[in-house]
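The chain contents come next:
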There are 2 protein chains.
Amino acid sequence: MASESPGTDLLWGGRDKPARRPRLALTVDRIAAAAIEVADAEGLGAVSMQHVAAKLDVTKMALYRHVASKAELVAVMTESAIGEPPDLRDVPGGWRSRLVRWSELMRETWQRHPWIPAATTGERATGPHEVGWTESAVAALEGTGLDGGERMDAVFLLSGHIRNTMSSATAGTQPWTADKHLRSVLHEHRQRFPALHAAAGATNGSPRDNGWEFGLDRILDGLEVLIDSRA
Amino acid sequence: MASESPGTDLLWGGRDKPARRPRLALTVDRIAAAAIEVADAEGLGAVSMQHVAAKLDVTKMALYRHVASKAELVAVMTESAIGEPPDLRDVPGGWRSRLVRWSELMRETWQRHPWIPAATTGERATGPHEVGWTESAVAALEGTGLDGGERMDAVFLLSGHIRNTMSSATAGTQPWTADKHLRSVLHEHRQRFPALHAAAGATNGSPRDNGWEFGLDRILDGLEVLIDSRA
DNA sequence: AAACTTGTGTGTCCGCCGGACACTGGGTGT
DNA sequence: ACACCCAGTGTCCGGCGGACACACAAGTTT
């Protein structure tokens, strides 16, 4: 009856053929997860459609069934990596400790995903998670006497500082940092850059945090001056 | 006598042939200038070897006789665009007005070349002009009682703020800005982002400068608090 | 004057990128 | 039994940075 010898393929090669395809379905979430994995391990530069697709064992064009473009992929993975914004209402101690807490949480997230700064610069779509974090910080400034624009400027100032200090990208932005070569160049031209040479020399091997603590304290002090003047 | 009819090519096609090649020699400076022209007009993304080479009427590979890589080209054009650092010693009024002046000059330069922020992020070579600007700012903080690390952190904080507010790249970094679409989305989800919605509403059409003035004042106030405490 | 060297620009090729577009093959509704 | 649908495939394109072999003019050496 069976015109094409049914069962043959199972007997002769079926076992390890294209398989029973237990393959999970491709979804936006799985794509985003794979892209995040790539970015965490090899940097945002390594996130290409091909690379991400390979990680999922599909062709790159398969991804386009789920995301419209690479920009959208980056947007989606960014939203996913940023995660739910924190609720700071229970943090005791007023606006200042709320902002400190917010910064700590932000830094933790960005530390897990060092590519976030690079992914969140330039014109792009903004997702609810990202807006939520901003909401969180702006809310922390309620009751300070600052007006709307000031509250937003303050948050921008603070998050900009986080961005600057967290970007491994920004690491090279200033000519000190631990870079041995540059230090030696600086020493070589010390008569041309005396103040810098002196300042660099006066930095007794403190484990530099890219100026994070210093900048945070100055920004919060500066905000405090303004807020106090409003009371 | 003339075995190959001399003058023929001049008569028949010589006039507009390869020409007498009054072509200027290719130099690093001319290459950098052309690249800057492209970047100013079409953004750093438009700076490709081919594009720059076309502007100079040569093949892209010709450029590699003068620069080792695209990264080097970008480094060279950046140094050239940044220009000579300012001498702030004659600015009256102490560290604060010197830093304000420095910031103004920096902003002017960056305004002329909006791609500089993008070109100066990430691991890269740093040139003497760039180091010179830093030297300038660090020198402005002499006599403030801040130690070397603090002076450098302060300059990093300030230049980071300039970077954040100047980057057209960073323009999209925060979810307010004049972006109509986002404002409407924000309004649509106002119950989810009440603080942000309120703050955005309270921003009476002031011509927002990306928080430049606000941040500058807070940073300088914060520095002043620290410096006063050292006196 | 002829031969060699050197330096500057050319032409061709490669692998990788994002993306357009036509196709296919299995699953489902009728 | 059939048609339709649609997730995933294969092929192609233009543009990117860059390696490498080559062409060719201008000295410089013999």
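The rules we used
- Residues numbered from 1 in each chain as written.
- Chains lettered and ligands numbered in written order.
- Predicted model: local features only at pLDDT ≥ 70, side-chain atom pairs only at ≥ 80, totals over all residues.
- Helix = DSSP H or I, 4+ residues; strand = E, 2+ residues; numbered from the N terminus.
- Buried ≥ 20, exposed ≤ 12 C-beta atoms within 10 Å, placed from the backbone.
- Contact = placed C-beta atoms within 7 Å.
- Nonpolar A, V, L, I, M, F, W, Y, C, P; charged D, E, K, R; others polar.
- Expected span 1.5 Å × (residues − 1).
- Arc of directions from axis to C-beta.
- Near = placed C-beta within 6 Å.
- Axes fitted to C-alpha atoms, helices over the stretch in contact; angles between N-to-C directions.
- Parallel < 35°, antiparallel > 145°, perpendicular 65-115°, else oblique.
- Left-handed = near helix turned anticlockwise from the far one by under 90°.
- Domains from an automatic or database assignment.
- Least-squares fit on C-alpha atoms with pLDDT ≥ 70 in both.
- UniProt positions renumbered as here; feature names shortened; annotations may be inferred.
- Core = buried A, V, L, I, M, F, W, Y, C linked by C-beta atoms within 7 Å.

## Examining the overall build of chain A
Move 1: Broken down by element type, chain A carries 12 helices and zero strands.
Move 2: Reading the secondary structure of chain A in the N-to-C direction produces α-α-α-α-α-α-α-α-α-α-α-α.
Move 3: For chain A, with 231 residues in total, the buried portion stands at 41%.
Move 4: Expressed as a percentage of contacts within chain A between residues at least 6 apart in sequence, the contacts between residues at least 24 apart total 66%.

## Quick word on the interface of chain B and chain A
Move 1: Taken together, the 57 residues of chain B in the interface contact 57 residues of chain A.
Move 2: Contributions of two or more residues to the side of chain B that touches chain A are made by helix H8 (128–139), helix H9 (148–166), helix H11 (194–201) and helix H12 (212–230) of chain B.
Move 3: Considering every element that reaches the side of chain B that touches chain A, the biggest residue donor is H9(B), with 13 residues.
Move 4: Considered class by class, the residues forming the side of chain B that touches chain A number 23 nonpolar, 22 polar and 12 charged.

## Description of helix H6 (residues 94–112) of chain A
Residues and elements named next belong to chain A.
Move 1: For H6, built from 19 residues, the straight-helix expectation of 27 Å at 1.5 Å per residue is met to within 8% by its first-to-last C-alpha distance of 28 Å.
Move 2: Every buried residue of H6 is listed here: Trp95, Arg98, Leu99, Trp102, Met106 and Trp110. Seen end-on, H6 carries its buried residues on one side only, within an arc spanning 100°. Opposite the packed face of H6, turned more than 90 degrees from it, sit the exposed residues Gly94, Glu108, Gln111 and Arg112.

## A look at the protein's contact with DNA strand D
Move 1: Close to DNA strand D lie 14 residues, the nearest being Leu26(A), Met61(A), Ala62(A), Ser48(B) and Lys70(B).
Move 2: Among the secondary structure elements, those contributing two or more residues to the surface near DNA strand D are helix H4 (60–63) of chain A together with helix H3 (49–55) of chain B.
Move 3: Its residues assigned to classes, the surface near DNA strand D comprises seven nonpolar, five polar and two charged.

## Points about the packing of helix H8 (residues 128–140) of chain A against helix H9 (residues 148–166) of chain A
Residue and element names in this part refer to chain A.
Move 1: Taken N-terminus to C-terminus, the directions of H8 and H9 make an angle of 120°; their axes are 9 Å apart at the nearest point. By the angle between their axes, H8 is oblique relative to H9. Between H8 and H9 the crossing geometry is right-handed. For the pair formed by H8 and H9, the contact residues are Thr134, Ala137 and Val138 on the first element and Arg151, Met152, Val155 and Leu158 on the second.
Move 2: Here the residues of the contact of H8 with H9 are counted per class, giving five nonpolar, one polar and one charged.

## Side note on the domain arrangement of chain A
Residues and elements named next belong to chain A.
Move 1: Segmenting chain A into domains produces domain 1 (8–82) and domain 2 (94–230).
Move 2: Of all the secondary structure elements, the ones that give two or more residues to the side of domain 1 that touches domain 2 are helix H2 (28–42) and helix H5 (70–82).
Move 3: Considered class by class, the residues forming the side of domain 1 that touches domain 2 number eight nonpolar, two polar and two charged.

## Focus: the protein's contact with DNA strand C
Move 1: Close to DNA strand C lie 14 residues; Ser48(A), Lys70(A), Leu26(B), Thr59(B) and Met61(B) are nearest.
Move 2: Among the elements of the structure, helix H3 (49–55) of chain A together with helix H4 (60–63) of chain B are those that each provide at least two residues to the surface near DNA strand C.
Move 3: In terms of residue count, H3(A) provides more of the surface near DNA strand C than any other element does, three residues in total.
Move 4: When its residues are assigned to classes, the surface near DNA strand C shows seven nonpolar, five polar and two charged.

## What about the relation of the copies chain B and chain A?
Move 1: When chain B is fitted to chain A, the best match, at an RMSD of 0.0 Å, comes from turning it 180° and sliding it 0.0 Å along the axis. Taken together, the rotation angle and the small translation identify this as a two-fold axis. Among all residues of chain B, the minimum C-alpha distance to the rotation axis is found for Gly222(B), at 2.0 Å.

## Quick look at the UniProt feature "DNA-binding region" (unreviewed entry) in chain A
Move 1: The UniProt record annotates "DNA-binding region" (unreviewed entry) at residues 48–67 of chain A.
Move 2: Its end C-alpha atoms 13 Å apart, residues 48–67 of chain A is made of 55% helix and 0% strand.

## With respect to the nonpolar core
Here is a general trend for soluble globular proteins: nonpolar side chains tend to be buried in one another's company.
Move 1: Ranked by size, the top nonpolar core spans 112 residues in total, and within it Ala35(A), Met77(A), Val138(A), Ala35(B), Met77(B) and Val138(B) carry the most contacts.
Move 2: Ignoring anything within four residues of it in the chain, the contact list for Met77(B) reads Ala32(B), Ala35(B), Ile36(B) and Ala39(B).

## Overview of the UniProt feature "domain: HTH tetR-type" (unreviewed entry) in chain A
Move 1: UniProt tags residues 25–85 of chain A as "domain: HTH tetR-type" (unreviewed entry).
Move 2: Across residues 25–85 of chain A one finds 64% helix and 0% strand; the C-alpha atoms that close the span lie 29 Å apart.

## Focus: the environment of His113(A)
Residue and element names in this part refer to chain A.
Move 1: Assignment of secondary structure puts His113 in the loop between H6 and helix H7 (116–119).
Move 2: Through-space distance from the C-alpha of His113 to that of Val155 is 21 Å; in sequence the pair is 42 residues apart.
Move 3: Apart from the residues lying within four places of it in its own chain, the contact partners of His113 are Ile36, Ala39, Asp40 and Ala81.

## Quick word on the packing of helix H12 (residues 212–230) of chain A against H12(B)
Move 1: Running from N to C, H12(A) and H12(B) point in directions that differ by 100°, and their axes come no closer than 7 Å. As summarised for this structure, H12(A) and H12(B) are arranged roughly perpendicular, according to the angle between their axes. Taking contact as the criterion, the partners of Arg218(A), Ile219(A), Asp221(A), Gly222(A), Leu223(A), Val225(A) and Leu226(A) in H12(A) are, on H12(B), Arg218(B), Ile219(B), Asp221(B), Gly222(B), Leu223(B), Val225(B) and Leu226(B).
Move 2: Its residues placed into classes, the contact of H12(A) with H12(B) shows eight nonpolar, two polar and four charged.

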